[in-house]
Amino acid sequence: MNNRILQLRLNETKQTVNTYENIDNGKTEVFSVEKKKKIENVLLTLSIIGLSAMFIYVTFIWGHLPNTIPRHFNFKGEPDGFGGKGFILVLPFTGLGIFILTTLLSRIPDAFYYQYNATKEQKKLLYNQGRIYIRLLQAEIVYFFLFGVWRTAQVALGKADGLGVYPLYIFLIVILGTSIYFAFRTNKVLKETR
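Residues numbered from 1 in each chain as written. Predicted model: local features only at pLDDT ≥ 70, side-chain atom pairs only at ≥ 80, totals over all residues. Heavy atoms only, no water.

### Looking at a nonpolar patch on the surface
Phase 1: A surface patch of nonpolar side chains, amounting to about 850 Å² of accessible area, comprises Phe75, Val165, Tyr166, Tyr169, Ile170, Leu172, Ile173 and Val174.
Phase 2: Relative to the elements of secondary structure, leucine 172 occurs in helix H4 (residues 166-192). (Patch = residues over 30% accessible without salt bridge, like charges linked within 9 Å, V, L, I, M, F, W, Y side chains within 5 Å. Areas by Shrake-Rupley, 256 points an atom, 1.4 Å probe, with all protein chains shown as cover. Salt bridge = Lys/Arg side-chain N within 4 Å of Asp/Glu carboxyl O. Helix = DSSP H or I, 4+ residues; strand = E, 2+ residues; numbered from the N terminus.)

### Section: helix H1 (residues 38-61)
Phase 1: Across its 24 residues, H1 extends 35 Å between first and last C-alpha, which sits within 8% of the 34 Å expected from 1.5 Å per residue.
Phase 2: Along H1, the residues classified as buried are Glu40, Leu43, Leu44, Ser47, Gly50, Leu51, Met54, Val58 and Ile61.
Phase 3: Residues of H1 that are buried in the fold lie against helix H2 (90-105) and helix H3 (120-156). (Expected span 1.5 Å × (residues − 1). Buried < 20%, exposed > 50% of the residue type's maximum accessible area, 1.4 Å probe, protein only. Contact = heavy atoms within 4.5 Å.)

### Comments concerning the pattern of salt bridges
Phase 1: Counting across every chain of the model gives two salt bridges.
Phase 2: A salt bridge links glutamate 40 to arginine 135; its shortest N-O distance comes to 3.7 Å. One end of the pair, glutamate 40, is in helix H1; the other, arginine 135, is in helix H3, and 95 residues separate them in sequence.
Phase 3: Glutamate 40 gets classed as buried once you look at its relative accessible area, which sits at 3%.
Phase 4: A residue is classified by how much of its surface remains accessible, and arginine 135, at 1% relative accessible area, is buried.
Phase 5: Beyond isolated ion pairs, a larger network of salt bridges with shared partners links Glu40, Arg131 and Arg135.

### Brief notes about the confidence of the model for the chain
Phase 1: On average, the chain scores 79 in pLDDT, and the residues at 70 or more come to 79%.
Phase 2: The spread of mean pLDDT over the elements of the chain runs between strand E1 (residues 4-11), the lowest at 34, and H1, the highest at 94.
Phase 3: Of the regions scoring below 50 in pLDDT, residues 1-33 engages in 63 contacts with residues more than four places distant in sequence or in other chains. (pLDDT = per-residue confidence, 0-100.)

### Considering the packing of aromatic side chains
Phase 1: Taken as a whole, this structure holds six aromatic pairs when the rule is applied.
Phase 2: Arranged with centres 5.1 Å apart and planes meeting at 80°, the rings of phenylalanine 55 and phenylalanine 93 form a pair that is edge-to-face. Of this pair, phenylalanine 55 sits in helix H1 while phenylalanine 93 sits in helix H2, and the two are 38 residues apart along the sequence.
Phase 3: For phenylalanine 93, a relative accessible area of 47% translates into the label partly exposed.
Phase 4: Seen in terms of ring centroids, phenylalanine 147 and tryptophan 150 are 6.0 Å apart; in terms of plane orientation they differ by 45°. Their pairing is tilted. Note that phenylalanine 147 and tryptophan 150 are positioned in helix H3 at a spacing of three residues, about one turn of the helix.
Phase 5: Using a relative accessible area of 26% as the deciding quantity, one classes phenylalanine 147 as partly exposed.
Phase 6: Residue class for tryptophan 150 comes out partly exposed when judged on its relative accessible area of 36%.
Phase 7: Three or more aromatic residues joined by ring pairs form one cluster here, namely Tyr133, Tyr181 and Phe182. (Phe/Tyr/Trp six-rings, centres within 6.5 Å; stacked < 30°, edge-to-face > 60°.)

Structure representation (C-alpha cells):
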C-alpha cells in the first residue's frame, strides 16, 4: 500500500459532492459520486426511525421491566439465558454501532470490491449499487433488532413465551435474499456496460 495513498475530501461547491481521489504512482484520478439516490435517503430515514424507536421503547418500559430478563434465545425462540435488565440496552447500542459502521463504510468507495478490469464508469455504477445494498442491509438489521428488543421485553413482562420459531429464519432469508438480488444486479450492471 506504500505506492497508493487514499484521500477523502469534501468538495465545497454549490452542492456538496463527495470526491474520491486516488493518487497512484503520481497519477491523479478524481471519482465524483452522484447525489444520493432517493431510495438511499428513504432507507437511511427508515433506519434512523427504527433506531429511535428502539431507544424510545426501552426508555418507556425500563421502569416496568423485572430485574432479570431473557438475554439469549435458542433456535426454537425459547429463552435459555437470563441476565440483568440492563441487557435490554445491548440491542439498541449494537444496532447504533452497526448503523455508524455501515454509514461510514458506504462513504468509502475503495471499501467496495470492483473487478480488476472494471472501467471508471462501471466502478461509479457499482459504488452506487453498493451504497443502496448497504443501506438496505442496515435497515433490515435495525428492524430485526427493534423486533428483538420489543419481543425480549414482552417475554420479560410475561406477555409472550419467546421470540417464536420463525423470526430468525425470516431474518436470514431476507438478508440472504437481499445479497443474492444485489449480486445479480451487479452482474447485470457489468454486462450492460461492457
